[in-house]
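Observations on the model geometry
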Amino acid sequence: MPVEKPKPRYKQIADHLREGILSGTYPAGQPLPSEESLAKQYGVTRPTVRQGIAELRAAGLVEVMMGRGMFVRSPHSRPSLTRPRGVRREPDGRYVEADGLRWDDAEEPVATRTDAPLALADLLRIPPGEPMYTYDALQTADRGRLRQLRRTYVPFSVLLGTKFEEQAPPPAPHLYTALAELGHELHFTEYIRTRMPLPDQAQALRLPDGVPMFQILRVTLTTDDKPLALEEFHVPGDDLELAYPL
């Protein structure tokens, strides 16, 4: 009869905490022991403790709040960060994000030519395969603590007969000012879903295993609802809520 191998230490920690959560020893909304105390209790390193916590996060039992610690997940708990969504126009004509954050590009975005895939072509109401200008940017705010991936798409057909027929338009948010200067009155619609990140997205956003992200698609439209551009945001979804004025 084969000898059963002992469980890895991180799984033992995860099982112990899971049992305490399900039994009510650790009630919903209450803090869990710190990484340091768990490491001392089990005689392991803090990275080993984090592996165990990652299993509980993936199972939806635990949430980690920036600067506050680890908590048993509660249906009534509030995340540590609320980001208002939307775009507003300043008196000087600039368009800015409603969250008031200053987002800096990790690298200067460069325009590349791509062809519209079916899903995006449907939102932009253009034929699949139509060429588009595309900008990709990894953006940070709050001294690097906040991160997001932002991609901007502008169909070539939107730019026909303008100065941007010969030169690439700027990426958003400067794109909004450029479109307004072409005579367009702008408004915006956003579509939101959650999904698990691809490996490169998880690495860029510094997401632990099992943590989902928000995927936000923002369409820029004219007053008669003609789509002009589309932006795709990927934002960590572990300790964030999005707020919209209605």
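Placed above this text is the structure.
Calculation rules
Residues numbered from 1 in each chain as written. Predicted model: local features only at pLDDT ≥ 70, side-chain atom pairs only at ≥ 80, totals over all residues. Heavy atoms only, no water. Helix = DSSP H or I, 4+ residues; strand = E, 2+ residues; numbered from the N terminus. Rg over C-alpha atoms; globule rule 2.2 N^0.38 Å. Buried < 20%, exposed > 50% of the residue type's maximum accessible area, 1.4 Å probe, protein only. Contact = heavy atoms within 4.5 Å. Areas by Shrake-Rupley, 256 points an atom, 1.4 Å probe, with all protein chains shown as cover. Lys, Arg positive; Asp, Glu negative; His and termini not counted. Charge placed at Lys NZ, Arg CZ, Asp CG, Glu CD. Axes fitted to C-alpha atoms, helices over the stretch in contact; angles between N-to-C directions. Parallel < 35°, antiparallel > 145°, perpendicular 65-115°, else oblique. Nonpolar A, V, L, I, M, F, W, Y, C, P; charged D, E, K, R; others polar. Expected span 1.5 Å × (residues − 1). Arc of directions from axis to C-beta.

1. Observations regarding the overall build of the protein chain
The number of helices and strands found in the protein chain is six helices and 13 strands. Taken over C-alpha atoms, the radius of gyration comes to 23 Å for the protein chain, far larger than the 18 Å a tight globule of 246 residues would show. Classification of the 246 residues of the protein chain by burial places 41% in the buried group. Within the protein chain, contacts between residues separated by at least 24 positions form 57% of all contacts whose residues are at least 6 apart in sequence. By element, 52% of the accessible surface of the protein chain is carried by carbon and sulfur atoms, the whole surface being about 14,100 Å². On the protein chain, the mean spot of the 31 positive side-chain charges and the mean spot of the 34 negative ones are 6 Å from each other.

2. Regarding unusual backbone geometry
Backbone geometry follows two general trends: most residues other than glycine have a negative phi, and most peptide bonds adopt the trans configuration. In the segment running from Ala172 into Pro173, the intervening peptide bond is cis, with an omega of 5°. Its location among the elements puts Pro173 in the loop between strand E9 (146-155) and helix H5 (174-181). Not every positive phi belongs to a glycine, and Arg125 is a case in point at roughly 55°. Here Arg206, not a glycine, exhibits a phi torsion of approximately 60°, which is positive.

3. A few points about the packing of helix H2 (residues 35-42) against helix H3 (residues 46-58)
Each pair of packed helices can be described by the angle between their axes along with the distance between the axes. In the contact formed by H2 and H3, the axes pass within 9 Å of each other and the chain directions differ by 105°. Of the possible angle classes, the one that applies to H2 and H3 is roughly perpendicular. Taken together, the residues of H3 that come into contact with H2 (itself represented by Glu35, Glu36, Leu38 and Ala39) are Arg46, Val49 and Arg50. A per-class count over the contact of H2 with H3 returns three nonpolar, no polar and four charged.

4. Describing helix H1 (residues 9-23)
Between its first and last C-alpha, H1 extends 21 Å over 15 residues, near the 21 Å set by a 1.5 Å rise per residue. Taken together, the buried positions of H1 are Ile13, Ala14, Leu17, Gly20 and Ile21. Each buried residue of H1 lies within a common arc of 130° when the element is viewed along its axis, so the set occupies one face. Of the exposed residues in H1, the ones pointing more than 90 degrees away from its buried face are Glu19, Leu22 and Ser23. In this fold, the buried residues of H1 make contact with H2, H3, strand E1 (62-65) and strand E2 (69-72). Of the residues flanking the end of H1, it is Gly24, one or two places downstream, whose phi is positive at about 90°.

5. Quick word on H3
One full turn of an α-helix is made of 3.6 residues, so residues set three or four places apart face in the same direction. When the terminal C-alpha atoms of H3 are compared, their 18 Å separation across 13 residues agrees well with the 18 Å that a helix rising 1.5 Å per residue should span. Among the residues making up H3, those that are buried are Thr48, Val49, Gly52, Ile53, Ala54, Leu56 and Arg57. Considering only its buried residues, H3 is in contact with H1, H2, E1 and E2. Just downstream of H3 lies Gly60, where phi reads positive at about 80°.

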